[in-house]
Amino acid sequence: MSSETSNTLKIQNLHATINDIPLLNGVNLTLNAGEIHTIMGPNGSGKSTLSKVISGHPSYSVTQGNILWNDKSILDLSPEQRAQMGIFLAFQYPVEIPGVSNIDFLRLAYNTRQKNKNLPELDPLSFLELASEKLKLIDMDPSFLNRSVNEGFSGGEKKRNEILQMALLDTYIAILDETDSGLDIDALKSVAQGILKIKKNNTILLVITHYQRLLNYIHPDFVHVMEKGQIIKTGNISLAQELEQKGYNYIKL
């Protein structure tokens, strides 16, 4: 792994399909350590597709272009290998895993990452101490560790649980796919604050959202607009505010 401040993800002329249907049509984007990027756009513009292609979802085929992590292509890596590198995708609708306790799930994920980095694994007691420290950062009740993964969790609790995973797994590239979906204003603020608390100087944050409201708390360095599988406009937070007022129709290719 490179030094903490030099991490870079480069997306170069990326084309991708699913079932031979083109979804990404030449995406170019460079994300550097410490930066917060937001991708906005109407439904079907390619936002979620891009997040899944970066994380290595097997249903998508890259037909052209490349994804480089610190100048090395990751296209041949499995989703598991990308996760072990520090690529984390927070889902819009986190799945429930009945019968698997949150603490066991988190410790397995953590120790798998430790083993991959040739670092010592943690026993249950040591991991509980580590997890308890992270829980305080995201305002999450310790009782959630003993419940089945996401089972019976509210929308906000599920999202905070994913932020807890992100904190424990030493994430370098955090992709938040519509994390604000289904959250009331209090849960949205709590989740956003948790994200910012655990973000490090070497973390790249890619936030995918329809709405400007999340950006009131997570202030992006760059705002990108996607349409028809391409990034058609880039600006700062004022671009998101403009989109909120005028909608996407005024931006044309």
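Look above for the structure.
An account of the accompanying structure is given in this report. Keep in mind it's a predicted model, so treat the numbers as computed, not measured.

With that out of the way, let us pick up the sheet that holds strand β2 (residues 21-32). Across the sheet, which stays open at both edges, the 4 strands sit in the order β2-β1-β4-β5 with antiparallel pairing between neighbours. The open sheet has two edge strands, β2 and β5 (72-73), and neither has a second partner. Its contacts with the sheet put helix α1 (residues 47-55) on β1 (8-18), β2 and β4 (61-69), and the angle it makes with β1 is roughly 110°.

Another point: the packing of helix α3 (residues 102-116) against helix α5 (residues 155-168). Where α3 meets α5, the closest approach of the two axes is 10 Å, and the angle between their N-to-C directions is 30°. The orientation of α3 relative to α5 falls into the category roughly parallel. For the pair α3 and α5, the crossing hand works out as right-handed. Between α3, through Asn102, Phe105, Leu106 and Tyr110, and α5, the contact on the second element is made entirely by Asn161, Leu164, Gln165 and Leu168. Residue composition of the contact of α3 with α5, by class: 5 nonpolar, 3 polar and no charged.

Let us now look at the layout of surface pockets. Gaps left between atoms are located by rolling a probe of water-molecule size over the structure's atoms. Roughly 990 Å³ of internal volume is contained in the largest pocket. Put simply, the parts of the chain that give the lining of the largest pocket at least two residues each are α1, α2 (79-85), β6 (87-90), α3 and α5. Sort the elements by how many residues they give to the lining of the largest pocket and α3 lands first, with 6 residues. A per-class count over the lining of the largest pocket returns 17 nonpolar, 9 polar and 5 charged.

This paragraph deals with the environment of Leu135. The topology assignment puts Leu135 in helix α4 (residues 124-137). Taking relative accessible area as the criterion, Leu135 reaches 2% and is therefore assigned buried. Sequence separation between Leu135 and Leu168 is 33 residues; the distance between their C-alpha atoms is 9.9 Å.

What follows is about the pairing of strand β3 (residues 36-40). In terms of residue burial, β3 counts as a mostly covered element, since 5 of its 5 residues are buried. Here β3 shows no split at all, with Ile36, Thr38 and Met40 on one side and His37 and Ile39 on the other all buried. Pairing of β3 with strand β10 (residues 204-208), which is carried by 4 bridges, proceeds in the parallel orientation. Within the sheet, the bridge partner assigned to His37 lies in β10 and is Leu206. Pairing between β3 and strand β11 (residues 222-227): 4 bridges, direction parallel.

Where burial is concerned, most of β10 is hidden: 5 out of the 5 residues are buried. Of the two faces of β10, the one holding Ile204, Leu206 and Ile208 and the one holding Leu205 and Val207 are both buried throughout. Judged from the 5 bridges that link them, strand β9 (residues 173-177) and β10 form a sheet pairing that is parallel. Opposite Asp177, over in β10, you have Ile208 as the bridge partner. Handedness of the β-α-β unit built from β9, helix α6 (residues 185-198) and β10 comes out right-handed.

A word on the pattern of salt bridges. According to the stated counting rule, one finds 3 salt bridges in the structure shown. In this structure, the salt-bridge partner of Lys10 is Asp71, at a minimum N-O distance of 3.7 Å. You can see Lys10 sitting in strand β1 and its partner Asp71 sitting in the loop between β4 and β5, a full 61 residues away along the chain. Classification of Lys10 as partly exposed rests on a relative accessible area of 29%. In this structure, Glu242 engages Lys246 in a salt bridge whose closest nitrogen and oxygen atoms are separated by 3.4 Å. A residue pair is termed a helical-turn pair when its members lie 3 or 4 positions apart in one helix, as Glu242 and Lys246 do in helix α7 (residues 237-246) at 4 residues. Accessibility expressed as a relative area gives 26% for Glu242, which makes it partly exposed. Classification of Lys246 by relative accessible area gives exposed; the value is 52%.

Conventions we followed
Residues numbered from 1 in each chain as written. Predicted model: local features only at pLDDT ≥ 70, side-chain atom pairs only at ≥ 80, totals over all residues. Heavy atoms only, no water. Pairing = 2+ DSSP bridges. Helix = DSSP H or I, 4+ residues; strand = E, 2+ residues; numbered from the N terminus. Contact = heavy atoms within 4.5 Å. Axes fitted to C-alpha atoms, helices over the stretch in contact; angles between N-to-C directions. Parallel < 35°, antiparallel > 145°, perpendicular 65-115°, else oblique. Left-handed = near helix turned anticlockwise from the far one by under 90°. Nonpolar A, V, L, I, M, F, W, Y, C, P; charged D, E, K, R; others polar. 1 Å grid on protein atoms, 1.4 Å probe; cavity = no way out; pocket = protein on both sides within 12 Å on 5 of 7 lines; lining within 4 Å. Points joined across faces, edges and corners; volume = space filled by probe spheres on them. Buried < 20%, exposed > 50% of the residue type's maximum accessible area, 1.4 Å probe, protein only. Right-handed = clockwise from strand over helix to strand, strands pointing away. Salt bridge = Lys/Arg side-chain N within 4 Å of Asp/Glu carboxyl O.

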